[in-house]
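Chains, contacts and geometry: an overview
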Amino acid sequence: MRYPSAGPDDGADTLFDVDALDTAAPGTRTAGRGGTVPGHGPEQRSSFRDSATARRLLPVRTVYAEPAAAASARGRQILARFPEAEVIAVESHWGIPGLHGNEGNVERWVRVKGETLVLGEKKTLTTRPNGRSADWIGPGASNGCAMACAYCYVPRRKGYANPITVFTNIDGIIAHLARHIARQGRKRDPNQCDASAWVYDIGENGDCSVDALISDNTADLVRAFRRWPTAKASFATKFVNPDLLALDPRGRTRIRFSLMPSADSRLLDLRTSPVGDRIAAAADFLDAGYEVHFNLSPVVVRPGWREAWSELLRHLDDALPDRVKRQAAAEVIMLTHNRELHEVNLGWHPRAEEVLWRPALQQGKRSENGALNVRYATRVKAEAVRALRDLVASHAPWLRIRYAF
Ligand code: SF4
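Residues numbered from 1 in each chain as written. Predicted model: local features only at pLDDT ≥ 70, side-chain atom pairs only at ≥ 80, totals over all residues.

**As for the nonpolar core**
Core analysis: the largest hydrophobic core is formed by 109 residues, its most contacted members being Tyr200, Ala282 and Phe285. Take this core: its biggest share by element is seven residues, from helix 10 (residues 275-287). In this structure Phe285 touches Leu245, Ile255, Tyr290 and Val292, once residues within four positions along its chain are discounted. (Core = buried A, V, L, I, M, F, W, Y, C linked by C-beta atoms within 7 Å. Buried ≥ 20, exposed ≤ 12 C-beta atoms within 10 Å, placed from the backbone. Helix = DSSP H or I, 4+ residues; strand = E, 2+ residues; numbered from the N terminus. Contact = placed C-beta atoms within 7 Å.)

Below you can see the structure in the form of structure tokens.
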């Protein structure tokens, strides 16, 4: 995989067409590029996050900051990275007037995601059991995302115009994880999460690869997990950040590249790395010491979806070297959606809703907070899961499906 140079004048060699990233118009990104240049060789690379490409992706102009977060070591590092930004003190990273919630931001919300940051402290540190994607969901070091996937559930608690909140008390988060991991002892019973390690999801409410453009939180977590022989970090990502190649995870971090057919991704995965780039990066991440898995998600049932997934799986089979295939596994996750998000999307990206909102195929379920979530009706979902399993068996039989739901 060829990565962009990260020098100060790297504008001619970008990861993708960044001018297109600041628009809400889908389908404008360039395809990935071929070639192989190891991103972690003996030559010194300057940070991708200091490149013009990254700065155009995150042209931070406003930082809302809790005072303690701004004064912390991590907070000061982040503010030093964006010296031009206006810093606005806020009591809490929750419910910032004029930023959170959905009113008034629909037209601007993609721009807000790149131009605004929030610094806060994660007050309640909890790890809860999962059992599907991971054994445990750890306290993430961020909430919100600079990407703008039309189906994303991450911003649900802060309103959908939700930029990244970075939690600056990373030492407390790591200390919490250390205690939790120590309490578990060794994993005695292999399960589909992992044969021998307790797997902790560290990115439930954001994208750790994007977070690494802002701070060292992701790097600190990856380095912490390499000290814990009974545990493994895991996060899903839609962004190829070559800086992660330098973190030396020593097999203790599982990166899960999320994949969907390119046509769906161009419509739905706004501001992310092209799917071809995510696949092309897999071998480099394996060689850099990551375990590399894939999330086949979300699976969107629309006319022609089986053919599109067949094409993607054939490409995966052609493009990945055997060493990636030997250790790969996948999660299959069918689309879930939400009435509130549907209404927000109608205001800025109605074409996405033509494939996401399919009442004839979906059934609703009221969540505890009163929101109406929708998922494919039981029969539709069972048939689609079966069809996708059959496609994987035909086109990528080496890809073990860890779970599908
Ligand atoms: S990359 Fe992930 S966290 Fe970010 S908007 Fe897309 S689905 Fe949400």
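From this point, things continue past the structure.
**Looking at the site of the ligand**
Inspection of the region around the ligand gives Cys145, Met147, Ala148, Cys149, Cys152, Val154, Gly206, Asp207, Lys238 and Thr272 as its neighbouring residues. In the shell around the ligand, the residues fall into six nonpolar, two polar and two charged. (Near = placed C-beta within 6 Å. Nonpolar A, V, L, I, M, F, W, Y, C, P; charged D, E, K, R; others polar.)

**Considerations on the packing of helix 11 (residues 305-319) against helix 15 (residues 378-395)**
Across the interface, helix 11 lies against helix 15 with an axial gap of 9 Å and an inter-helix angle of 35 degrees. By crossing handedness, the relation of helix 11 to helix 15 is classed as right-handed. Contact with helix 11, carried on its side by Arg306, Trp309, Ser310, Leu313, Arg314 and Asp317, involves Ala387, Leu388, Leu391, Val392 and His395 of helix 15 and no other residues of that element. Looking at side-chain class alone, the contact of helix 11 with helix 15 contains six nonpolar, two polar and three charged residues. (Axes fitted to C-alpha atoms, helices over the stretch in contact; angles between N-to-C directions. Left-handed = near helix turned anticlockwise from the far one by under 90°.)

**Here's the deal with the confidence of the model for the chain**
Counting all residues, the mean pLDDT for the chain is 88, and 88% of those residues have values of 70 or more. When the criterion is pLDDT under 50, residues 5-44 qualifies, and its contacts beyond four places in sequence or with other chains add up to 70 contacts. (pLDDT = per-residue confidence, 0-100.)

**What about helix 4 (residues 73-81)?**
Among all positions of helix 4, only Arg74, Gly75 and Ile78 are buried. The arc that holds every buried residue of helix 4, seen down its axis, measures 100 degrees, which confines them to one face. With respect to the buried face of helix 4, the exposed residues turned more than 90 degrees away are Ala73 and Ala80. Where helix 4 is buried, its residues meet strand 1 (62-65), helix 3 (67-71), strand 3 (116-120), strand 8 (164-167) and helix 6 (170-184). (Arc of directions from axis to C-beta.)

**So, the sheet that holds strand 11 (residues 253-259)**
Spatial strand order, 4-5-9-10-11-13-14-18: eight strands in an open sheet with mixed pairing. The open sheet has two free edges, formed respectively by strand 4 (128-129) and strand 18 (400-404), since each of these has just one partner strand. For strand 11 and strand 13 (residues 291-299), the ladder comprises six bridges, and the chain directions are parallel. Within strand 13, the residue paired with Ser258 across the bridge is Asn295. Against the sheet, helix 10 makes contact with strand 11 and strand 13, and its axis sits at roughly 160 degrees relative to strand 11, the strand it touches most. (Pairing = 2+ DSSP bridges.)

**Comments concerning the packing of helix 6 against helix 8 (residues 217-225)**
Two elements in contact, helix 6 and helix 8, have axes separated by 11 Å at closest approach and are oriented at 25 degrees. The angle between helix 6 and helix 8 falls in the class roughly parallel. Of the two elements, helix 6 crosses helix 8, and the hand of that crossing is right-handed. Facing helix 6, whose interface residues are Ile170, Ile174 and Leu177, helix 8 presents Asn217, Asp220, Leu221 and Ala224. Partitioning the contact of helix 6 with helix 8 into residue classes produces five nonpolar, one polar and one charged. (Parallel < 35°, antiparallel > 145°, perpendicular 65-115°, else oblique.)

**Brief notes about the environment of Arg188**
The residue Arg188 is located in the loop between helix 6 and strand 9 (198-201) in this model. Residue Arg188 is classed as exposed on the basis of its C-beta count, with 6 C-beta atoms lying within 10 Å. Remark: the alpha-carbon pair of Arg188 and Trp198, spanning 10 residues in sequence, is separated by 9.8 Å.

**Thoughts on unusual backbone geometry**
In this chain, Ser297 is followed by Pro298 through a cis amide linkage whose omega measures -15 degrees. Considering the arrangement of structural elements, one finds Pro298 in strand 13. Despite not being glycine, Asp248 has its phi angle at roughly 55 degrees, a positive value. Relative to the elements of secondary structure, Asp248 occurs in the loop between strand 10 (231-237) and strand 11. For Asp248, a count of 15 C-beta atoms within 10 Å corresponds to the partly exposed category. A positive phi angle, near 75 degrees, is found at Arg271, a position not held by glycine. Along the chain, Arg271 falls in the loop between strand 12 (269-270) and helix 10. Its 24 C-beta neighbours within 10 Å are what place Arg271 among the buried residues.

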